[in-house]
Amino acid sequence: MEKKKFNPTITFIVAVLGSYIAFIVCMQQGIINNYISGIIVSILINVIMAVSLALVTGYLGELALGHAGFMAIGAYGAAITTMHLELPIYIEFPIGLMFGGMLAAIVGVIIGIPALRLRGDYLGIITLGFGEIIRIILNNMKITNGARGLSGIPSYSTFTITFFITAITIAILYKIINSRTGRAIVAIRDNEIATDCVGISTFYYKTLAFAIAAFFAGIAGGLYAHYHTVLVPSSFDFMQSIEILIIVVLGGMGNLFGTIIAAIVLCTMNEVLRSFSEYRMIAYSLVLIIMMICKAKNITFTSLKAKLTNKKGA
Amino acid sequence: MEALLEVSNISVSFGGIKPVDQFELHLQAGELVGLIGPNGAGKTTIFNLLTGVYTPSEGYIKLDGKTISNLKSYQIVQQGIARTFQNIRLFKSMSVIENVKVAFNNRLSYTLPDRLFNTPKYKAQEEWLHNEAMELLKIFDLQDDANEISMNLPYGKQRKLEIARALAVNPKLLLLDEPAAGMNPQETVELMNTIKLIRDKFNITILLIEHDMQLVMSICERLVVIEYGKIIAKGTPDEIKHNERVIAAYLGE
């Protein structure tokens, strides 16, 4: 308590602007080429996906395996909007992203109302099912061009836009978590019955968390669509949801900062180890096992740090 | 004077068992009443009925003249009944003060946009919340543990924190389910004083379940004794002490 406290808002803004300038300078100096900056955009999209899922899985404590489904809705919603509107980018892109996000949030509420009556594995299975249903519907609709997918989507997701949308997403989620809404959400994870007994409608807050997560997954989808410029339903399959879930688990379940780091590390590893991509799942499971052992023995970065500093002191 | 809580002949049955049968209770505002009975008598089930965990199959419950027996748990809390649990149910991963802050949720009115733009409304309410929560912790002598993770508190303090959390919802009626369970005699005496204190300070009505007869007899003004879900005796502690049905229920005939 004696420690001087940094103002989180100012720290965050400085960190965001600092890293943005660093990236831009690197790009202009040619240290980061187009290929790498493209990878950075897809990493940022994964960061949005992971932090939004962290709200449901980490903070609310509910297993959701259909996150890629919301991403798909956002991606198609945004892509179809910008393809049909003939407006300048700075008008139609925000409209498209918001439309995709809202659509995903609405579907999130519709799915959440029946699904969130269940808990644990059962909720996992039902969200998995809904995720697949979304994909199959997209596969069979005229407007989405079925399994052939959409192509010719304008390429709007530049590094700058994606970077700032990611930063805003993180800021919004951080604020939500550190508010009365966030307290209610974490309370539900800790003890649902007790939460009910302090007068909080657990159902309302669960649905709200689910909808917020779906909204940001939709935004991430919109960015994804305008980055790849082609969309096929098969890229939003079950494995995509699992990959995001792995990031959240690695990030420490209910730790926003950890989730961001995990997203960056895992996605970078994916790119670096591209040539070994068939062994990726083995690496994932190994990392997960190590993670679980650490968790069971209560080994965290903080405890490791405390141990190291203690040794130095002694 | 109209009763604060009016419980009229409520029953509930699970399959063929009737854990609560024709239970009735009238509580006046400001009373401190004990609900006692042997193990398995249905005391906690009555609490669960009062707080909407179960819905009574017969009879009704009225709080301040309003029927509450068909409301959901969280709505009943909003009407003014708070409770603690026999097996402690804290928000384990949260700090002590956060536990209390959660319970203030319905007394705050700022919205998510208020939070996103840090409006004066948000700042004022969070500041008020922090002060109120600290005040509550002080009553239970928990102010020094405010930033401790609640799971790491010793058992006696966890029980106190549960009561503090229940008070944070600003109840008219507080239900305490074995508040002294697992406490040593000295802690029990302290708790008794705290219970009396909060009754006077917050001007609330308290109904408590307790096995510690010394505690019950010394602080409750009235007692209700139940056995097998039925009321077998009512009255002042002195009357209950000498009631033969009660002695038989506890000691056997």
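In what follows, the structure referred to is the one given above.
From a predicted model like this one, the values you see are computed outputs, not experimental measurements.

Trainee: Could you give an account of the overall build of chain B, naming the residues involved and the relevant values?
Mentor: Regarding its fold elements, chain B presents ten helices and ten strands. In terms of overall size, chain B behaves like a compact globule, its C-alpha atoms giving a radius of gyration of 19 Å where 253 residues would be expected to give roughly 18 Å. Taken along the three principal axes of its C-alpha coordinates, chain B extends 65 × 40 × 35 Å. Counting across all 253 residues of chain B, residues that qualify as buried make up 41%.

Trainee: So what's going on with the overall build of chain A? Which residues, and what values?
Mentor: Secondary structure summary: chain A contains 13 helices and two strands in total. A globule of 314 residues ought to have a C-alpha radius of gyration of about 20 Å, and chain A, at 20 Å, matches this closely. In chain A, which comprises 314 residues, the proportion classed as buried is 45%. A sequence separation of at least 24 residues applies to 80% of the contacts in chain A between residues at least 6 apart.

Trainee: Residue-level account of the sheet that holds strand β5 (residues 66–67) of chain B, with values.
Mentor: All names here are of chain B. Here we have four strands laid out as an open sheet, ordered β2-β1-β4-β5, and antiparallel in their pairing. The two strands at the open ends of the sheet, each matched to only one other strand, are β2 (17–27) and β5. Where strand β4 (residues 58–63) meets β5, two bridges bridge the pair, whose relative direction is antiparallel. Paired with lysine 62 across the bridge in β5 is threonine 67. Each of β1 (5–14), β2 and β4 touches helix α1 (residues 43–50); the most contacted strand, β2, lies at about 65° to it.

Trainee: So what's going on with the interface of chain A and chain B? Residues and values would help.
Mentor: With 20 residues of chain A in contact, the opposing surface of chain B contributes 24 residues. If you list the elements that add at least two residues to the side of chain A that touches chain B, you get α6 (159–177), α7 (180–190) and α8 (192–196) of chain A. No other element matches the seven residues that α7(A) contributes to the side of chain A that touches chain B. Across the side of chain A that touches chain B, the residue classes tally to ten nonpolar, five polar and five charged.

Trainee: Lay out unusual backbone geometry with the relevant residues and their values.
Mentor: Positive phi is not limited to glycine here, since A:Thr229 has a value of about 60°. C-beta crowding within 10 Å serves as the criterion here: with 15 such atoms nearby, A:Thr229 is assigned to the partly exposed category.

Trainee: Provide a residue-level description of the pairing of strand β10 (residues 230–235) of chain B, including the pertinent values.
Mentor: Residue and element names in this part refer to chain B. Where strand β9 (residues 222–227) and β10 come together, five bridges link them in antiparallel fashion. Of the residues in β10, the one forming a bridge with glutamate 227 is lysine 230. Two successive antiparallel strands, β9 and β10, enclose a turn made up of two residues, where tyrosine 228 displays a positive phi of approximately 50°.

Trainee: Break down the sheet that holds β9(B) for me, with residues and values.
Mentor: Residue and element names in this part refer to chain B. Spatially, β6-β7-β8-β3-β9-β10 is the arrangement adopted by the six strands of the open sheet, whose pairing is mixed. For this open sheet the edge positions go to β6 (81–83) and β10, each flanked by a neighbour on one side alone. When strand polarity is set aside, the average angle formed by the axes of neighbouring strands in this sheet is 20°. Here strand β3 (residues 32–36) runs beside β9; their pairing, made up of four bridges, is parallel. When the bridges of β9 are listed, leucine 35 appears paired with valine 224.

Trainee: I'd like a rundown of α6(A), residues and numbers included.
Mentor: Between its terminal C-alpha atoms α6(A) stretches 27 Å, which fits the 27 Å expected from 19 residues at 1.5 Å a residue. Among all positions of α6(A), only A:Ile161, A:Thr162, A:Ile165, A:Thr166, A:Thr169, A:Ile170, A:Leu173 and A:Ile176 are buried. What you see down the axis of α6(A) is that its buried residues fit within an arc of 160°, all on one side. As for α6(A), its buried residues are in contact with α2 (34–59), α7, α9 (202–228) and α11 (256–272) of chain A together with α4 (112–116) of chain B.

Trainee: So what's going on with the environment of B:His130? Residues and values would help.
Mentor: Residue and element names in this part refer to chain B. Tracing the sequence through the fold places histidine 130 in helix α5 (residues 120–139). Assessed through the 14 C-beta atoms surrounding it within 10 Å, histidine 130 is described here as partly exposed. Sequence separation between histidine 130 and lysine 101 is 29 residues; the distance between their C-alpha atoms is 7.6 Å.

Trainee: Pulling in residues and values, what's your account of the pairing of strand β8 (residues 205–209) of chain B?
Mentor: Residues and elements named next belong to chain B. Of all the five residues making up β8, five are buried; the element is thus mostly covered by neighbouring parts of the structure. Across the two faces of β8 the burial is the same, with Thr205, Leu207 and Ile209 and Ile206 and Leu208 all buried. The pairing of β3 with β8 spans four bridges and is classified as parallel. Looking at the pairing, valine 33 lines up with leucine 207 of β8. Taken together, strand β7 (residues 173–177), helix α7 (residues 185–202) and β8 form a β-α-β motif whose crossover is right-handed.

Trainee: Any details on the environment of A:Thr82? Residues and values, ideally.
Mentor: Examined against the element boundaries, A:Thr82 turns out to sit in helix α3 (residues 67–84). When neighbours within four sequence positions are excluded, A:Thr82 is seen to be in contact with A:Glu92, A:Phe93, A:Gly96, A:Ile153, A:Pro154 and A:His226.

Trainee: Give me the lowdown on the packing of helix α10 (residues 238–250) of chain A against α11(A), citing residues and values where you can.
Mentor: All names here are of chain A. Closest axis-to-axis distance for the α10/α11 pair is 7 Å, and the angle between their directions is 125°. When the axes of α10 and α11 are compared, the pair comes out oblique. Two packed elements cross with a definite hand, and for α10 against α11 that hand is right-handed. In this structure, α10 uses Ile247, Val248 and Leu250 to contact α11, whose residues at the interface are Thr259, Ala262, Ala263 and Leu266. The class makeup of the residues in the contact of α10 with α11 is six nonpolar, one polar and no charged.

Rules of the game
- Residues numbered from 1 in each chain as written.
- Chains lettered and ligands numbered in written order.
- Predicted model: local features only at pLDDT ≥ 70, side-chain atom pairs only at ≥ 80, totals over all residues.
- Helix = DSSP H or I, 4+ residues; strand = E, 2+ residues; numbered from the N terminus.
- Rg over C-alpha atoms; globule rule 2.2 N^0.38 Å.
- Buried ≥ 20, exposed ≤ 12 C-beta atoms within 10 Å, placed from the backbone.
- Contact = placed C-beta atoms within 7 Å.
- Pairing = 2+ DSSP bridges.
- Axes fitted to C-alpha atoms, helices over the stretch in contact; angles between N-to-C directions.
- Nonpolar A, V, L, I, M, F, W, Y, C, P; charged D, E, K, R; others polar.
- Expected span 1.5 Å × (residues − 1).
- Arc of directions from axis to C-beta.
- Right-handed = clockwise from strand over helix to strand, strands pointing away.
- Parallel < 35°, antiparallel > 145°, perpendicular 65-115°, else oblique.
- Left-handed = near helix turned anticlockwise from the far one by under 90°.

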